[in-house]
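Listed below are the residues making up each chain.
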Amino acid sequence: MKLSTKHANQQSMILQDFTGGLNVSCTENLIAENELSEVVNMEIDSNSKLLRTVQGTDTLYTTTEYTFKSAAFDILNSALILFTEDNKILATKNFSEVKEVGTLTGTGEVITAMWEDGLLIASGGKLQYVKGTENIETIETSPEHCNGVYIRSGRVLVFDDTDQVLFSGVGDETNWTQDTNDPSSSLFAQIGYKVGGHIVGMVNMSKDILFIKSNGMVFRLENEYPDWRISELGRNIFCKGTASYCNIINNVLIMSDIALQSIQTTQEYGDMKPTNIGSKVASKIANLPSNTKLRYVPPLNQVWCIGENGYVLVLDCNTSAFFQRKFNSVIVDVLSINNDVYVIKEKTVCKLNADRFYDDDEPLRFKVQMKTYMANYEYLVKRITLCVTLFKYEYSYNSHFWVGNICMPLPRMYSSYLFDNTRPIVDNYEPIGKHLKDVYIDTSDKLEDSYESLYELEYDKKDIQTLETLRRTRRVVYRTPEVRISGAGIGEPFILNYIQADVVEV
């Protein structure tokens, strides 16, 4: 066959859709084109649906005195409530003052629920009530062991280490006395009579409540007293830990040692059906600790499965795909306050920032491994194109993609010429303006490295670096039996528009 005839069969491998997310259930050459065999600190952009680096963080508060273990937000009083490893309770409204308001009555997982003008708190001991930054109140008449708390029809629901759920009197969190002659008094219900096991969690599902038991059974409570009905929903739905479940609108997720079960309503007589949605990341789920927390993050429409040492397995609810985050320090909780996402760490409180790829003031690292293409004989790679959208110029030479042994650094950002300057902003050593003097306090630095602000100018506060889409193309002659595409980098936020390799099978 003539060489020209062979090259007439050139094909373009264009990778831009990664909505399938992480798949570690098979080798990288067997995954789908929209899946990834490895992905760290990258996710799907909610607007463009393209792969982008995750949001970095800004540090809002740091402590050396306490070690945080979880947090809650009192929405009625706009107060952040922080719980520490030594069971202290802290409250703050703006971080200018972080006040110690009490001590937890238990040492278990902290569960909260909105009640009247504040929050009810269950931690394994008696119920407690906090209102903003006021001192905490212990409800002495409540049951001795409250492992969870939930509000339904004006009653407070708690459970202990048995198979019983206790209901307070209507509208009264202090009334736990049962009176058969008074339907508004305290009640109890036994979940799964004589089937063994104890309750490890309760979560709302549409109009019903689901009870998760230690024996792998899930029960459903429908309707109101005295017409309520308790029925078995499913078996072999084990829960990894006391916080390894969460509600997402009309869907409930329960994580076991090797699976992530999704329970949602179906059109079949209004029934509910559990489905394992974590089969592609079963090994990642197995590596998560027993105290893994599942947290729904509405502004991102994601579920964070919070592991150890800053690791988070992320479920993107828009695509039902998994991704991974790795923070620079240990994360213990995440909260949504209005449209902001607050990340609670052992020693700091942070807020996500879409324009940064830093955490704890240190650059984050990303890593991505795409599908590998295998040839019957060999591929001849002729041209590689990398197209990205950079959010800002920072460390472009520290971020790159590989096609086989060919390295493609991210394109550099060149902003427009500024004030009749003869060279672009990047690598510019000239003064800013030929006709505007003393624009910078000190012009000895390159403009790209300068932190002084522009002043005495009409456009003083305008960002001189705009969002730009950049493309880099490289012609190569590279023979390989497989085309393996990956990327890695540090500190630089960007969107991956696409990566393309023009190849011929020879």
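Here, the structure is the one placed above.
Just so it is clear, the model here is predicted, and its values are computed rather than measured.

## Some thoughts on the layout of surface pockets
Part 1 of the reasoning: Of the pockets and cavities examined, the largest pocket occupies roughly 1,200 Å³.
Part 2 of the reasoning: Lining the largest pocket are 33 residues, and of these Thr112, Ala113, Asn204, Asn247 and Arg295 sit closest to its centre.
Part 3 of the reasoning: At the level of secondary structure, the elements contributing two or more residues to the lining of the largest pocket comprise strand 8 (68-74), strand 12 (111-115), strand 16 (148-152), strand 20 (199-205), strand 24 (245-248), strand 28 (293-297) and strand 32 (331-337).
Part 4 of the reasoning: In the lining of the largest pocket, the residues fall into 25 nonpolar, 6 polar and 2 charged.

## Looking at the sheet that holds strand 4 (residues 38-40)
Sheets are built from strands that pair by backbone hydrogen bonding, the pairs being arranged parallel or antiparallel.
Part 1 of the reasoning: Spatial ordering of the open sheet is given by 4-37-42-39-40, a layout of 5 strands whose pairing is antiparallel. On the outer flanks of this sheet lie strand 4 and strand 40 (406-409), each paired with one strand and no other. Each strand of the sheet is rotated relative to its neighbour by a mean of 15°, with strand direction disregarded.
Part 2 of the reasoning: In this structure, strand 39 (residues 400-403) lies alongside strand 42 (residues 485-490), joined through 4 bridges in antiparallel fashion. Across the sheet, the residue bridging to Val403 is Ile485, located in strand 42.

## Section: the sheet that holds strand 31 (residues 321-326)
Part 1 of the reasoning: Taken together, the 4 strands give an open sheet; going across it, the order is 28-29-30-31, and neighbouring strands pair in antiparallel fashion. Across the chains shown, the open sheet's two edge strands, defined by having one partner strand only, are strand 28 and strand 31. Across this sheet, the average inter-strand angle for adjacent strands is 25°, counted without regard to direction.
Part 2 of the reasoning: The pairing of strand 28 with strand 29 (residues 302-306) spans 5 bridges and is antiparallel. Looking at the pairing, Val297 lines up with Gln302 of strand 29.

## Re the nonpolar core
Part 1 of the reasoning: If you look at the biggest cluster of nonpolar residues, it comprises 55 residues, and the most contacted ones within it are Leu51, Met370, Phe401, Val483, Phe494 and Leu496.
Part 2 of the reasoning: The biggest single contributor to this core is strand 38 (residues 373-390), with 8 residues.
Part 3 of the reasoning: Residue contacts for Leu496: discarding those within four places in its chain leaves Phe18, Leu50, Leu51, Met370, Leu386, Cys387, Val388 and Phe401.
Part 4 of the reasoning: The next biggest cluster of nonpolar side chains, apart from the first, holds 28 residues, and it includes Leu120, Val158, Leu210 and Cys239.

## Considerations on the packing of aromatic side chains
For any pair of aromatic rings, the description rests on two quantities: the centre-to-centre distance and the angle between the ring planes.
Part 1 of the reasoning: For the structure shown, the criterion picks out 7 aromatic pairs.
Part 2 of the reasoning: Ring geometry for Phe167 and Trp228: centres 5.0 Å apart, planes at 40°, overall tilted. Here Phe167 is found in strand 18 (residues 164-167), whereas its partner Trp228 is found in the loop between strand 22 (218-222) and strand 23 (229-234), with 61 residues between them in sequence.
Part 3 of the reasoning: Summarising the aromatic geometry, the rings of Phe401 and Phe494 are spaced 6.3 Å apart at their centres and angled 85° between planes, so their arrangement reads as edge-to-face. Placement of Phe401 in strand 39 and of Phe494 in strand 43 (residues 494-505) is noted, with a sequence separation of 93 residues between them.

## Quick word on the pairing of strand 10 (residues 88-92)
Part 1 of the reasoning: Across the 5 residues of strand 10, 4 count as buried, placing the element largely inside the fold.
Part 2 of the reasoning: Pairing analysis gives 4 bridges linking strand 9 (residues 79-84) to strand 10, with the strands arranged antiparallel. Among the inter-strand pairings, Leu82 is bridged to a residue of strand 10, identified as Leu90.
Part 3 of the reasoning: Counted along the chain from strand 9 to the antiparallel partner strand 10, the turn is 3 residues long, and its residue Asn87 has a positive phi close to 70°.
Part 4 of the reasoning: Note that strand 10 and strand 11 (residues 99-103) share 4 bridges and pair antiparallel. Pairing of Ala91 across the sheet is with Lys99, part of strand 11.

## Examining the environment of Tyr498
Part 1 of the reasoning: On the secondary structure map, Tyr498 appears in strand 43.
Part 2 of the reasoning: For Tyr498, the residues in contact, after removing those within four places along its chain, are Ile14, Leu15, Gln16, Thr385, Leu386, Cys387 and Arg471.

## What to know about the pairing of strand 37 (residues 365-369)
Looking along a regular strand, one sees the side chains alternate between the two faces of the sheet.
Part 1 of the reasoning: Pairing between strand 4 and strand 37: 3 bridges, direction antiparallel. Paired with Val39 across the two strands is Val368, which belongs to strand 37.
Part 2 of the reasoning: In terms of strand pairing, strand 37 meets strand 42 through 5 bridges, oriented antiparallel. Bridge pairing in strand 42 links Lys367 to Ala488.

Calculation criteria
Residues numbered from 1 in each chain as written. Predicted model: local features only at pLDDT ≥ 70, side-chain atom pairs only at ≥ 80, totals over all residues. Heavy atoms only, no water. 1 Å grid on protein atoms, 1.4 Å probe; cavity = no way out; pocket = protein on both sides within 12 Å on 5 of 7 lines; lining within 4 Å. Points joined across faces, edges and corners; volume = space filled by probe spheres on them. Helix = DSSP H or I, 4+ residues; strand = E, 2+ residues; numbered from the N terminus. Nonpolar A, V, L, I, M, F, W, Y, C, P; charged D, E, K, R; others polar. Pairing = 2+ DSSP bridges. Axes fitted to C-alpha atoms, helices over the stretch in contact; angles between N-to-C directions. Core = buried A, V, L, I, M, F, W, Y, C linked by side-chain atoms within 4.5 Å. Buried < 20%, exposed > 50% of the residue type's maximum accessible area, 1.4 Å probe, protein only. Contact = heavy atoms within 4.5 Å. Phe/Tyr/Trp six-rings, centres within 6.5 Å; stacked < 30°, edge-to-face > 60°.

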